[in-house]
Each structure stands twice: as C-alpha cells, then as structure tokens.
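# Observations on chain architecture
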Amino acid sequence: RVQSSPRQDSLEMQVIRITEKLERLDKKLNNEKAKLIAKRHKIRAEICRMKEGQSKRFLLDYYIECKSWQVIFKEYGYISIESAYRLKCRALKDFDKISKKSDKTS
C-alpha cells in the first residue's frame, strides 16, 4: 500500500536534515581527530629529542602510550606514589626545557 501525504514528506525532509547534520558532525569530528593526531606526532617528536632516561620513558609511556599509573608503578618498580609523582614533575620540567630550547631556535 502506497500513501502520499504531507506528513510523510515532512518526515522524509526531517530525516534528510538529520542525516545531513550527522554528516557535518562526522566531518567535523574527523577534522578534529586529524588535528589531534598531528599534535600527538609533534609532541612525540619533541619528547624523542630528550636525552635517554626515565623522564623521556615516563612521558612516552604516560602521555603517548596512555599507560595507567598502575602499569607504570609495576614496570618502574615503584613502591610509593610520591616517587612516581616526583618523576612526573621532573619529566615535565625536563620536557619544558627542551620545548623552550626549540622555541628559541624556531
């Protein structure tokens, strides 16, 4: 049975508008995703410029590889949370030094 009514046309138009809106949102999300991936690659490159050591390893593990504190505790052999937080502070300071050097040369 085929029906044609203004209500059905209205519903069809509503579906078309929603579909177009979803497509725009998908495009926007994909653009944001691409920007974040590029930013992640840039940050990884900055971290890789650091000298080898625990600070570099921590930054890669925590911020790039997204390892949890529990995994880092186990891998690094930490017993207290204070030592892990000290490492985080030290690693961020070391990274800040590298970032400032690259800003001056840019």
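The paragraphs below set out a description of the structure included in this document. (Residues numbered from 1 in each chain as written. Predicted model: local features only at pLDDT ≥ 70, side-chain atom pairs only at ≥ 80, totals over all residues. Heavy atoms only, no water.)

What follows is about the packing of aromatic side chains. Aromatic ring pairs: the centre-centre distance and the angle between the two ring planes describe each pair. In this structure the tally under the stated criterion is 9 aromatic pairs. Ring geometry for Phe-58 versus Trp-69: centroids 5.8 Å apart, planes at 40°, classification tilted. Of this pair, Phe-58 sits in helix H2 (residues 54–64) while Trp-69 sits in helix H3 (residues 69–76), and the two are 11 residues apart along the sequence. Ring centres 6.4 Å apart and planes at 75° place the aromatic pair Phe-73 and Tyr-78 in the edge-to-face group. Its relative accessible area of 19% is what places Tyr-78 among the buried residues. (Phe/Tyr/Trp six-rings, centres within 6.5 Å; stacked < 30°, edge-to-face > 60°. Helix = DSSP H or I, 4+ residues; strand = E, 2+ residues; numbered from the N terminus. Buried < 20%, exposed > 50% of the residue type's maximum accessible area, 1.4 Å probe, protein only.)

Our next topic: the pattern of salt bridges. One pass over the structure, following the stated rule, counts 7 salt bridges. Of the charged contacts, one joins Lys-35 and Glu-32 as a salt bridge, the two residues approaching to 3.7 Å between their closest N and O atoms. Residue Lys-35 and its partner Glu-32 are located together in helix H1 (residues 6–48), separated by 3 residues, close to a single helical turn. Of the residues examined, Glu-32 reaches a relative accessible area of 37% and is grouped as partly exposed. With a closest N to O distance of 3.3 Å, Arg-44 and Glu-65 form a salt bridge. Residue Arg-44 is found in helix H1, and its partner Glu-65 is found in the loop between H2 and H3; the two are separated by 21 residues along the sequence. What makes Glu-65 partly exposed here is its relative accessible area of 43%. Linked through salt bridges whose partners overlap, the residues forming this network are Arg-57, Asp-61, Lys-67 and Glu-75. (Salt bridge = Lys/Arg side-chain N within 4 Å of Asp/Glu carboxyl O.)

Moving on to the layout of surface pockets. Approximately 190 Å³ is the volume found for the largest pocket. Around the largest pocket sit 11 residues that line it, and Met-50, Lys-51, Ser-55, Asp-94 and Ile-98 are the ones nearest its centre. Looking at which element gives the most residues to the lining of the largest pocket, the answer is helix H4 (residues 81–105), with 5 residues. Of the residues that constitute the lining of the largest pocket, the class distribution is 2 nonpolar, 2 polar and 7 charged. (1 Å grid on protein atoms, 1.4 Å probe; cavity = no way out; pocket = protein on both sides within 12 Å on 5 of 7 lines; lining within 4 Å. Points joined across faces, edges and corners; volume = space filled by probe spheres on them. Nonpolar A, V, L, I, M, F, W, Y, C, P; charged D, E, K, R; others polar.)

We note that Cys-66 has phi near 60°; this positive angle belongs to a residue other than glycine. In this fold, Cys-66 is placed in the loop between H2 and H3.

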